[in-house]
Amino acid sequence: MSIVVNVDVMMAKRKMSLSELAEKIGITPANLSILKTGKAKAVRFTTLDSICRALDCTPGDVLEFRNESETL
(Lines give C-alpha, C1' and ligand atoms only; values in the text may rest on other atoms or scores of the structure.)
Protein backbone atom coordinates (compact mmCIF):
# COMPACT_ATOMS: atom_id res chain seq x y z
CA MET A 1 0.00 0.00 0.00
CA SER A 2 1.21 3.49 -0.81
CA ILE A 3 -0.18 5.14 2.31
CA VAL A 4 1.96 4.65 5.41
CA VAL A 5 0.49 5.29 8.86
CA ASN A 6 2.99 6.87 11.26
CA VAL A 7 0.83 6.98 14.38
CA ASP A 8 3.36 4.84 16.25
CA VAL A 9 6.17 7.27 15.36
CA MET A 10 4.20 10.25 16.63
CA MET A 11 3.18 8.36 19.79
CA ALA A 12 6.83 7.60 20.50
CA LYS A 13 7.82 11.25 19.96
CA ARG A 14 5.11 12.32 22.42
CA LYS A 15 5.87 9.45 24.82
CA MET A 16 2.22 8.37 24.71
CA SER A 17 0.97 4.81 25.06
CA LEU A 18 -1.64 3.19 22.83
CA SER A 19 -4.15 3.00 25.67
CA GLU A 20 -3.58 6.64 26.63
CA LEU A 21 -4.10 7.86 23.05
CA ALA A 22 -7.15 5.62 22.59
CA GLU A 23 -8.71 7.08 25.73
CA LYS A 24 -7.96 10.66 24.66
CA ILE A 25 -9.51 10.24 21.20
CA GLY A 26 -12.42 8.06 22.27
CA ILE A 27 -11.82 4.83 20.37
CA THR A 28 -10.98 1.35 21.57
CA PRO A 29 -7.33 0.32 21.86
CA ALA A 30 -8.09 -2.53 19.42
CA ASN A 31 -9.34 -0.13 16.74
CA LEU A 32 -6.40 2.21 17.29
CA SER A 33 -4.05 -0.75 16.97
CA ILE A 34 -5.61 -1.67 13.62
CA LEU A 35 -5.02 1.89 12.43
CA LYS A 36 -1.52 2.07 13.88
CA THR A 37 -0.37 -1.12 12.15
CA GLY A 38 -1.66 0.05 8.77
CA LYS A 39 -4.33 -2.65 8.55
CA ALA A 40 -7.23 -0.18 8.45
CA LYS A 41 -8.94 0.31 5.10
CA ALA A 42 -10.14 3.82 5.98
CA VAL A 43 -9.93 6.51 8.63
CA ARG A 44 -12.61 9.06 9.39
CA PHE A 45 -11.64 12.71 9.28
CA THR A 46 -13.05 13.12 12.79
CA THR A 47 -10.72 10.37 14.04
CA LEU A 48 -7.76 11.88 12.19
CA ASP A 49 -8.63 15.27 13.67
CA SER A 50 -8.75 13.78 17.18
CA ILE A 51 -5.42 12.01 16.69
CA CYS A 52 -3.77 15.21 15.46
CA ARG A 53 -5.15 17.21 18.39
CA ALA A 54 -4.04 14.60 20.95
CA LEU A 55 -0.56 14.27 19.44
CA ASP A 56 -0.20 17.97 18.56
CA CYS A 57 0.65 17.23 14.94
CA THR A 58 -0.70 17.55 11.41
CA PRO A 59 -2.30 14.89 9.17
CA GLY A 60 0.94 14.84 7.18
CA ASP A 61 2.79 13.72 10.30
CA VAL A 62 0.40 10.79 10.71
CA LEU A 63 -0.17 9.75 7.09
CA GLU A 64 2.54 9.53 4.45
CA PHE A 65 2.36 8.70 0.74
CA ARG A 66 5.10 6.51 -0.70
CA ASN A 67 5.12 5.87 -4.42
CA GLU A 68 5.61 2.11 -4.65
CA SER A 69 6.69 2.20 -8.30
CA GLU A 70 9.69 4.36 -7.37
CA THR A 71 10.88 1.95 -4.66
CA LEU A 72 10.97 -1.10 -6.95
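Structure: above.
Being a predicted model, the structure only gives us computed values, none of them experimental.

Thresholds, definitions, all that
Residues numbered from 1 in each chain as written. Predicted model: local features only at pLDDT ≥ 70, side-chain atom pairs only at ≥ 80, totals over all residues. Heavy atoms only, no water. Axes fitted to C-alpha atoms, helices over the stretch in contact; angles between N-to-C directions. Helix = DSSP H or I, 4+ residues; strand = E, 2+ residues; numbered from the N terminus. Parallel < 35°, antiparallel > 145°, perpendicular 65-115°, else oblique. Contact = heavy atoms within 4.5 Å. Nonpolar A, V, L, I, M, F, W, Y, C, P; charged D, E, K, R; others polar. 1 Å grid on protein atoms, 1.4 Å probe; cavity = no way out; pocket = protein on both sides within 12 Å on 5 of 7 lines; lining within 4 Å. Points joined across faces, edges and corners; volume = space filled by probe spheres on them. Salt bridge = Lys/Arg side-chain N within 4 Å of Asp/Glu carboxyl O. Buried < 20%, exposed > 50% of the residue type's maximum accessible area, 1.4 Å probe, protein only.

(A) Focus on the packing of helix H2 (residues 18-25) against helix H3 (residues 29-36). Interaxial distance between H2 and H3 falls to 9 Å at its minimum, and their mutual angle equals 110°. Accordingly, the angle class assigned to the pair H2 and H3 is roughly perpendicular. On the side of H2, the interface is formed by Leu18, Leu21, Ala22 and Ile25, while H3 contributes Pro29, Leu32, Ser33 and Lys36. Each residue belonging to the contact of H2 with H3 can be placed in one class, and the counts come to 6 nonpolar, 1 polar and 1 charged.

(B) View of the environment of leucine 18. With respect to the secondary-structure elements, leucine 18 resides in helix H2. Spatially, the C-alpha atom of leucine 18 lies 7.5 Å from that of serine 33, the residues being 15 residues apart in sequence. Leucine 18 has contacts with Met11, Pro29, Leu32, Ser33 and Lys36, leaving out every residue within four places of it along the chain.

(C) Fine view of the layout of surface pockets. Approximately 150 Å³ is the volume attributed to the largest pocket. Lining the largest pocket we find 11 residues, and of these Ile3, Val5, Ala40, Ala42 and Val43 sit closest to its centre.

(D) Quick peek at the side chain of asparagine 6. The residue asparagine 6 is located in the loop between strand E1 (3-5) and helix H1 (7-13) in this model. Non-local contacts of asparagine 6, meaning those with residues more than four positions away in its chain, are made with Asp61, Val62 and Glu64.

(E) View of the pattern of salt bridges. Summed over the entire model, instances satisfying the criterion amount to 2 salt bridges. Taking the shortest distance from any N to any O, the salt bridge between arginine 53 and aspartate 49 comes out at 2.8 Å. You can see arginine 53 and its partner aspartate 49 sitting in helix H4 (residues 45-55), 4 residues apart, about one turn around the helix. Judged by its relative accessible area of 64%, arginine 53 falls in the exposed class. We note a salt bridge from glutamate 64 to arginine 66, for which the minimum N-O separation is 3.1 Å. In this structure glutamate 64 comes out as partly exposed when scored by relative accessible area, which is 29%.

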